[in-house]
Every structure is written in structure tokens, then in C-alpha cells.
Amino acid sequence: MLCGGAAAIAFMVTLGTSSWTTEAAAKGRAEWKTEYSRPGEVPFPEENPYTAEKSALGHKLFFDPRLSGSDYISCGTCHNPSFSWGDGLPTGFGHKMTKLGRRTPTILNSAWGELMMWDGRFESLEEQALGPMGAEAEMNQQLDSIVEELAAIPGYRTLFNMAFPADGLTIENIGKAIATYERTIVSGIAPFDRWIAGEESAMSSAAKRGFDLYNNKANCVACHAGWNMTDSGFHDIGLPDDDIGRGNVLKNVVKMQHAFKTPTLRNIVQRAPYMHDGSLGTLKEVIDHYSDGFTRRDSLSDEMKPLKLSEDEKADLLAFLLTLEGADPMVAAPILPANDQVPGAWLKRLSPAAGGKAETPECRTARLHLRRCK
Amino acid sequence: MRLLSIVIVLVFGFAANTTAAEVAVTQKGRKFSEKKIELGVGGSIKFINDDDVTHNIHSTTKGHAFDVGAQKPGQTIVHTFDKAGKVKLRCAIHPKMKIKVTVK
């Protein structure tokens, strides 16, 4: 098939012989284990390398609700570390409690990601950091005014100058700082990691059988591959909703209709409910879906095949998934830079009672106590 | 005579690089065997899926957009490039798989 109006493009498909099937079948537990070793370091892109100053600034920005139009939603409102960087809801809520169409994805291990969001519409974490901020239904921030708003907070001016000595506070640097912080959010060592590293007692026999199923009969590895349990790819896994996901971005690619990004399975037990629409409440329901509960259609991933798992096999698979819960570090809520004590543009915007004039100390006190200023 | 041989090798060697009729690219372990390819106009790439999962090579580069559709393990697909330009290819299913193709 051709798309995008490309002219005179030709291609030819042939079926050739391949050793792939025999190779895949021949792999045993020991060989599969070699594919799950944790990486030694976090990757940071050349165009936005790690610095401690950027990460510290990004930490504050991530948890600062003043980045939203309403000043009450931060990135961390939905990407809550207490729920493994999700929100524990079937679908998220945004500006004025607007119910969003998809479940909040975790940002765990996003340093290893490729395209961002369930539908991959952002090429980088830097872009993604600004996307929900400017989205009317989500954080509803006017991106052309956020720089001015943050510049009115003296502490942020200092922090941006430290993190970005060349150009300080810019919209791009807001994205870079948040992305840098997000890349430092890495799942902790799990029982599975200890087993991979050689500690045989770290996993039960049931979990080890589950690992074998994961890589063979259940075929989870076809998409949830590698130490982060994701191929960072897009698949239609046969959920019966109308959301076409990646198909909104790649309209003419059949396999991208109803396709969504493969999430990491690290700490998966902490992130119920599951799937892009939050439609499955437990991991048991998820396993039942993959076993034979999915919708057949042209876009369905070729990796989706009826598994016909027995109840014992499902229990083993679940036992394995539970071993992916890591000993993640505690996440401290940052102390945020205080508003300017001299009322400025930010305070005036928050204070309609001030009528655009400088807010008096009495009015500020009244506003902070939710009373009308006379 | 030796100098002439060197000149012939250089000339024909260079020509083969920039006007290659067909370059073979393998997909294995969710990776392409090549990251950058130079072709002449009318040249083609033979994509071999030697992986254990389906791939789907496509491009959204303006003026060069195409989609070869799902390519199952064991399948080979030949795609021809008939216009000069720089084309970014990706596997739609596995977007970490990328190739930059320069067609001269």
C-alpha cells in the first residue's frame, strides 16, 4: 500500500527462508535471562546532557502547580510517585476536573523511551514536558506567558541561571529541566533483578515458571522485551474501544490503528487499573485478556495469538509479574521557590479583586484565607 | 599500470557507493543492520526480516512518504527510491529502529 501521495514508489514482498523460528524455540531459561540485565547508567541525550542543577530545577518544576493555568495542577498531580508515577485512576483528570480520554501513563524509566505519550505524538521528553502543560484539557497553561510567570518568582530566576548559564529562563529550558529530572526516575532493584544477577532464592518456583511462560507460550516478550519490559513500540492489543491511538498520528498505516505504546511492566502491580483506557482492574484480568479475550481486526498486532493458558499457568505468570516491583527510593516533595514578596504580575493575575493594581498586604492575606478583599 | 588500476578502483568504487542498485538491510533483535545508507536515484533497499516479530517500515518524510505494511518474520521487502532527497525511515511498530537514507 502507498500513502502520503508518494509518487512512483514500488516495493516487492517475498517470502524467504529464515532461521528465526528455530532460534526462538531453542532459547531456554538461561539464555532468556541474559536479555534482562539492568543497564549500567541512565542515557541522556547529547542535546540535553545531565547536570545536577538541571535535575534539581526540574524536580521543583515537576511538582509546582503554578505551571498550570489554574495554579493547582502540577505534573506530579497525575504522575504521582505514590502510584508509581501514575494516578491510580481509569483515566486522568485535567483542568477543572475534565475527565481525560486515556489513563495517565507512568513516567518511570522514560529515559529509555523513544516517542512519548500513548500515541507517540511527541518525539522527545523535552517536547512531552510542555505538551500537557499547554493542553487546554490538561494543565491549561498559556505557554507564551509561563516564562513571564516564572520570571516573577525570584528563586526560579536564580535556579534557571544556574542550570542554563547561557540563556536562563526560556520555554525550551523549562522542557529540558523537567525532562532531565524525569530521566532520573528509574525503577529500583526488584526480586527479578536479584534473580537475574544470580540470587536463585529471590524468586519462587511459580515466578520462575512464569518467567518461562512470559518468554515462550505467553509470548509477552514479543512486546514487553528487555530489562524495562517494553519495546517502546506501538501495538493494537485488541481492546474493544473506539480510540485509534497511534492511528491519529499515522493515519494510513494499518497496524497503527488502535495501537498504543507498550508500557513498562516495572512496578506494574502499583499501577492498577490497566491498559490505555483503564478498562481492566487487575493483572488477572489483563492476563485473561491476552489469553483469549481480545478483539480481532485488521490492525491487531501479529503478536496477539490466543494463548489458551491454564489457570495454573495464569497464576505462575502473575507470580512472575509481582517480582517486578522494585525497592524504589522515597521521593521527597521539593520546597518550591516562594512568590515574590513584592506583589508582581503573577499575584495581580491571581487577584481579580486588585483590579490589575498592585495587591495590598490586606488583600493578599484575605485571598490566602479565601476571603473577599474589600 | 598500477596507478591506472588505483584510479579505476577509486572511480568505480565511488560510483558503486553513490549509485548502488540495491542495499540489503537486515532486521534482527529489533534493530536495523544499517543506520545510514546512500543510494542513487532508482536504487532500492532490500529489507530482510530476520527477527522473531513483525516489522512495518514506513516514512513520513515530505515528498517521500511510504508504508510497506506489516512484514512478518522471514519476509523480504524491496523498496525503490525514485527521487533524490533525504528520507528518514522508521519501523512504525518499533520506532527505535531508524535509518537515514540519502538518495542522490
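This structure is a prediction, so every number in the text was calculated from the model and none was measured.

Moving on to the packing of aromatic side chains. Residue and element names in this part refer to chain A. This model, assessed by the stated rule, comprises 21 aromatic pairs over all chains. An angle of 80° between the planes, with centres 6.5 Å apart, marks the rings of W118 and F260 as edge-to-face. A residue pair is termed long-range when its members are at least 10 positions apart, and W118 in the loop between helix 4 (75-78) and helix 5 (125-134) and F260 in strand 3 (residues 260-261) qualify at 142 residues. According to the relative accessible area criterion, W118 is buried, its value standing at 8%. In this structure F260 comes out as buried when scored by relative accessible area, which is 7%. Over the face of the ring belonging to W32 we find K27, whose NZ or CZ atom lies 3.9 Å from the ring centre. In this arrangement the basic side chain of R246 is found over the ring face of F234, its NZ or CZ atom lying 4.8 Å from the centre.

Bringing the pattern of salt bridges into the picture now. If the charged atoms of two oppositely charged side chains come close together, the side chains can form a pair. All names here are of chain A. Here the structure, examined in full by the defined rule, presents 26 salt bridges over all chains. One salt bridge in this structure joins R121 and D119, with 3.0 Å as the shortest N-O distance. On the basis of relative accessible area, R121 is assigned to the partly exposed category, the value being 39%. Its relative accessible area of 5% is what places D119 among the buried residues. Among the ionic pairs, D193 bridges to R266, the shortest N-O distance being 2.8 Å. With D193 in helix 9 (residues 191-196) and R266 in the loop between strand 3 and helix 11 (283-292), this pair connects stretches of sequence that are 73 residues apart.

For the rest of this paragraph, the subject is helix 12 (residues 311-322) of chain A. All names here are of chain A. Over its 12 residues, helix 12 runs 17 Å from end to end, which matches the ideal 16 Å to within 8%, given 1.5 Å per residue. Taken together, the buried positions of helix 12 are E313, K314, D316, L317, F320 and L321. Buried residues in helix 12, looked at end-on, bunch into an arc of 160°, giving them a common side.

Our focus in this paragraph is the pairing of strand 4 (residues 44-49) of chain B. Residue and element names in this part refer to chain B. Judged from the 6 bridges that link them, strand 1 (residues 22-28) and strand 4 form a sheet pairing that is parallel. Among the inter-strand pairings, Q27 is bridged to a residue of strand 4, identified as N49. Strand direction decides the pairing type here: strand 4 and strand 7 (residues 75-80), joined by 5 bridges, are antiparallel. The residue bridging F47 from the neighbouring strand is I77, located in strand 7.

With that settled, consider the environment of A:E200. When you line up the elements, A:E200 lands in the loop between helix 9 and helix 10 (205-215). Once residues within four sequence positions are removed from consideration, A:E200 is found in contact with A:K33, A:W195 and A:K208.

All names here are of chain A. By domain assignment, chain A separates into domain 1 (6-42 + 188-322) and domain 2 (52-185 + 339-368). Facing the 28 residues of domain 1 at the interface are 23 residues of domain 2. Taking both partners together, domain 1 and domain 2 bury about 2000 Å²; carbon and sulfur atoms supply 56% of that area. Of all residues in domain 1, V42, K261 and R271 give up the largest surface area on contact with domain 2, accounting jointly for 24% of the area buried on that side. D243 is the partner of R102 in a salt bridge, and the nearest nitrogen-oxygen pair spans 2.7 Å. The tally of links between domain 1 and domain 2 comes to 11 residue pairs in polar contact (both at pLDDT 80 or more). Across the side of domain 1 that touches domain 2, the residue classes tally to 12 nonpolar, 9 polar and 7 charged.

Reading the values: the criteria
Residues numbered from 1 in each chain as written. Chains lettered and ligands numbered in written order. Predicted model: local features only at pLDDT ≥ 70, side-chain atom pairs only at ≥ 80, totals over all residues. Heavy atoms only, no water. Phe/Tyr/Trp six-rings, centres within 6.5 Å; stacked < 30°, edge-to-face > 60°. Helix = DSSP H or I, 4+ residues; strand = E, 2+ residues; numbered from the N terminus. Buried < 20%, exposed > 50% of the residue type's maximum accessible area, 1.4 Å probe, protein only. Lys NZ or Arg CZ within 6 Å of the ring centre and 35° of its normal. Salt bridge = Lys/Arg side-chain N within 4 Å of Asp/Glu carboxyl O. Expected span 1.5 Å × (residues − 1). Arc of directions from axis to C-beta. Pairing = 2+ DSSP bridges. Contact = heavy atoms within 4.5 Å. Domains from an automatic or database assignment. Buried area = accessible area lost by both parts, 1.4 Å probe. Polar contact = N/O pair within 3.5 Å; in protein donor to acceptor, adjacent residues only side chain to side chain. Nonpolar A, V, L, I, M, F, W, Y, C, P; charged D, E, K, R; others polar.

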